[in-house]
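Spelled out, the chains give:
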Amino acid sequence: MSVELDLQLEQTGTRFRIFPQPRYLPAFSQPEVVTVSVPVGEVRPGPADTRMFVVDAANKLPYSQANRPPFKGKANPPVQPGPDGHFDHLDPKSRAFQAATMYATVRRVLDIWEDYFGGHIAWHFEAHFDRLELIPLIEWDNAQSGYGFLEFGYGRKAGGGIDHSRPYCENFDVLAHELGHSLIFAEVGYPKFANDPALDYSGMHESAGDLVAIVASLHFNSVVDHVLASTSGNLFSVNELERVGELSESREIRTAFNYHRMSDVGAEPHERSLPLTGAIFDVMVEMFQIKLVQRGLITADLAKRSSQEPDNTVQDLAALQAEFAAAYAGHETGFKAALLEARDGLGRLLAECWRNLSPDFLTYHEVLRQLLRADRKLNQGAFQETIRSCFAWREISLAPDSLLLRSHTLADCGMDSGPRPLAELEAGAIVGMIEVLEDELSRRKERPARLPGGRIPEPAE
Ligand SMILES: [Zn+2]
């Protein structure tokens, strides 16, 4: 969500408090105020609104094929707003806080992604239910998103069993990831042919859940400030995850900063999601660095040396970190503004990509092509080479037997039967090809030197 819209919602929306990361991490032990888009006074007891509602079911077991929403059992009373219509008065130790935090998290993530999609996201279960049912605390050491509902239990104790001290409904990343699955069903759809192996579709689903969560969590000041302060803005440095301190405990952060390529992973969807998530997150980091260079906050040379290059040695990384520390000191605000712009750039790019993807026989190569198209539409193609190189590094390419790799000779086309003068049509085609080549050559001459990873600098704003 753009910084401007966020500021605007703070004036009109309804306030809640949520923990940006698990509260047992000392740096995130205090909840942060968030404002959801629903105008103050319009969030009803529950909390509930026109898109979703909380039912605090008592002693509920998970839904199954035989047992589906709506929930009709015994429930605790709906959580009431404070006298001012906001919900930020709730005691973080109370059950009411947990119910409200689940609503606020899901509503906030939906707000963020509806802004990137540019409007209403219709639920994929709209044929049966008008609103999403949210159940915050069920007796289960797991959580699930399903047709018309999200229901959350608790973490698992080391020796097995439910750990009631760690409710998933308070875990922003987990909730956002699960809502991400619903958004993908809504915007991409689902494979409709029985012979579709849906390998990449399943990997894309998990990757999208993680990306929805990562982009949403970069809306917390505490998360953004922590990432930047601990890395001095050298986000490629997070290959040593301990640099982000407590945030290295975050599953989403570990997922974003992974180094998996396609040759490292198999068919299991979570594993298969890693190269795709990594490629897309790298695009955001490259966009961030390009913006830092444009703002004069780092040099193009420093951006180049901080990219993932094989000859960057351990000594180089230490020196590099010192250069970032010097650049970051005194310019924290500029670094943060650049990161928020890159975050929003990635959010809009993903929304445009997802809305145009076909779910049937989906491949990562199609995701790449839709990202390129989205970039041409939204950014006049400013990040084409960045996107290509980030995907190439992850070995995301066409399958060797893809029909797209097939050449067509004139013989294949039945056009080489004996000597003959060039047909008018063929002569026209050749003239056309020459024009395209000339155009490309002149574009290359005008294009500035490539940055690392094939990036090209954006024109100055
Ligand atoms: Zn998932």
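Residues numbered from 1 in each chain as written. Predicted model: local features only at pLDDT ≥ 70, side-chain atom pairs only at ≥ 80, totals over all residues. Heavy atoms only, no water.

Engineer: Could you clarify how one ought to interpret the overall build of the protein chain in this entry?
Structural biologist: Each helix and strand counted, the protein chain has 13 helices and 8 strands in total. Here the protein chain holds 461 residues, and 51% of them are scored as buried. Carbon and sulfur atoms make up 55% of the accessible area of the protein chain, which amounts to about 21500 Å² in all. (Helix = DSSP H or I, 4+ residues; strand = E, 2+ residues; numbered from the N terminus. Buried < 20%, exposed > 50% of the residue type's maximum accessible area, 1.4 Å probe, protein only. Areas by Shrake-Rupley, 256 points an atom, 1.4 Å probe, with all protein chains shown as cover.)

Engineer: Just to check I follow, could you spell out the sheet that holds strand β6 (residues 149-152) for this structure?
Structural biologist: In any sheet, the strands associate via hydrogen bonds between backbone groups, in a parallel or an antiparallel arrangement. Here we have 4 strands laid out as an open sheet, ordered β3-β4-β6-β5, and mixed in their pairing. The open sheet terminates on both sides in strands that have one partner only, identified here as β3 (52-54) and β5 (143-146). If you compare each strand with its neighbour and ignore which way they point, the axes differ by 10° on average. Pairing analysis gives 4 bridges linking β5 to β6, with the strands arranged antiparallel. Paired with A143 across the bridge in β6 is F152. Sheet strands touched by helix α2 (residues 95-117): β3, β4 (132-135) and β6. Its angle to β3, the strand with the most contacts, is close to 165°. Most of the contacts of helix α3 (residues 172-187) go to β6, to which it runs at about 155°, and overall it touches β4, β5 and β6. (Pairing = 2+ DSSP bridges. Axes fitted to C-alpha atoms, helices over the stretch in contact; angles between N-to-C directions. Contact = heavy atoms within 4.5 Å.)

Engineer: What is the right way to read the pairing of strand β8 (residues 162-167) from this model?
Structural biologist: In summary, the side chains of a regular strand alternate between the two faces of the sheet. The pairing of strand β7 (residues 154-156) with β8 spans 3 bridges and is classified as antiparallel. Paired with G155 across the two strands is D163, which belongs to β8. Counted between consecutive antiparallel strands, the loop separating β7 from β8 contains 5 residues, among which G160 sits at a positive phi close to 100°.

Engineer: Explanation requested: the pattern of salt bridges in the structure shown.
Structural biologist: Two side chains with opposite charge may pair up if their charged atoms get near one another. Counted according to the given criterion, the structure contains 22 salt bridges. Here R15 and D88 are joined by a salt bridge, their closest N and O atoms 2.8 Å apart. Separated by 73 residues along the polypeptide, R15 in strand β1 (residues 14-18) and D88 in the loop between β3 and α2 bring together distant segments of the chain. R295 is paired through a salt bridge with E341; the nearest N and O atoms lie 2.5 Å apart. Highlighted residues: R295 in the loop between α7 (269-294) and α8 (300-306) and E341 in helix α10 (residues 332-356), separated in sequence by 46 residues. A cluster of three or more residues bridged by salt bridges with shared partners is formed by R15, D84 and D88. (Salt bridge = Lys/Arg side-chain N within 4 Å of Asp/Glu carboxyl O.)

Engineer: What exactly am I supposed to notice about unusual backbone geometry here?
Structural biologist: Of note, the amide linkage connecting G46 to P47 takes the cis form, showing an omega dihedral of -5°. Within the secondary structure, P47 is located in the loop between β2 (32-36) and β3. With an omega dihedral of 5°, the bond running from P69 to P70 counts as a cis peptide bond. By the element assignment, P70 lies in the loop between β3 and α2. In this model, S232 sits at a positive phi of 50°, which is unusual for a non-glycine residue. Here S232 lies in the loop between α5 (221-231) and α6 (251-256). The phi dihedral of E395 falls on the positive side, at around 65°, and the residue is not glycine. Tracing the chain through its elements places E395 in the loop between α12 (384-393) and α13 (424-446). E395 sits in the partly exposed class, given a relative accessible area of 35%.

Engineer: Got a minute to help me understand the coordination of the zinc ion in this structure?
Structural biologist: Metal coordination angles have textbook ideals: 109.5 degrees for a tetrahedral set of four donors and 90 or 180 degrees for an octahedral set of six. Coordination of the zinc ion by the protein is provided by H177 (NE2), H181 (NE2) and E206 (OE), with metal-donor distances spanning 2.1 to 2.2 Å. As a motif over one chain, the donors of the zinc ion read H-x3-H-x24-E. Taken together, the positions of H177 in helix α3 and E206 in helix α4 (residues 199-217) put the pair 29 residues apart, joining distant regions of the chain. With respect to class, H177 is no different from E206; both count as buried. (Donors = N, O, S within 2.8 Å, 3.2 Å for Na, K, Ca; no water.)

Engineer: Got a minute to help me understand α3 in this structure?
Structural biologist: Residues separated by three or four positions in an α-helix point in the same direction, a consequence of the helix having 3.6 residues per turn. With 16 residues, α3 extends 22 Å between its outermost C-alpha atoms, agreeing within 8% with the 22 Å of an ideal straight helix rising 1.5 Å per residue. The buried fraction of α3 is high, at 12 of 16 residues. Turning to α3, its buried residues number three or more, namely F172, D173, L175, A176, H177, E178, L179, G180, H181, S182, L183 and I184. Just downstream of α3 lies G189, where phi reads positive at about 95°. (Expected span 1.5 Å × (residues − 1).)

Engineer: Which parts of the structure should I look at to understand the nonpolar core?
Structural biologist: Most often, soluble globular proteins have nonpolar side chains that are buried together. Counting residues in hydrophobic clusters, the biggest one holds 113 residues, and the most contacted among them are W113, M204, F335 and W354. Broken down by element, this core gets its largest block of residues, 13 residues, from α2. Residues from two domains meet in this core; each of domain 1 (1-187) and domain 2 (199-400 + 433-461) gives at least three. Every residue in contact with W354, bar those within four places of it in the chain, is listed here: W113, F117, I184, E187, V188, M204, A208, L211 and V212. V55, A57, I138 and F149 belong to the second largest nonpolar core, which has 9 residues in total. (Core = buried A, V, L, I, M, F, W, Y, C linked by side-chain atoms within 4.5 Å. Domains from an automatic or database assignment.)

Engineer: I tried to follow the packing of α4 against α10 on my own but got confused; where do I start?
Structural biologist: Working note: a packed helix pair is described by the angle between its axes plus the distance between those axes. With their axes 11 Å apart at the nearest point, α4 and α10 run at an angle of 150° to one another. Taken as axis vectors, α4 and α10 run roughly antiparallel relative to one another. For the pair α4 and α10, the sense of crossing is left-handed. Of the residues in α10, those touching α4 at M204, A208, L211, V212 and V215 are R343, L346, L350 and W354. Counted by class, the contact of α4 with α10 contains 8 nonpolar, no polar and 1 charged residues. (Parallel < 35°, antiparallel > 145°, perpendicular 65-115°, else oblique. Left-handed = near helix turned anticlockwise from the far one by under 90°. Nonpolar A, V, L, I, M, F, W, Y, C, P; charged D, E, K, R; others polar.)

Engineer: Looking at this model, I keep getting lost on α12. Mind explaining?
Structural biologist: Every buried residue of α12 is listed here: Q384, E385, T386, I387, C390 and F391. The inward-facing, buried residues of α12 contact α7, α10 and α11 (364-379).

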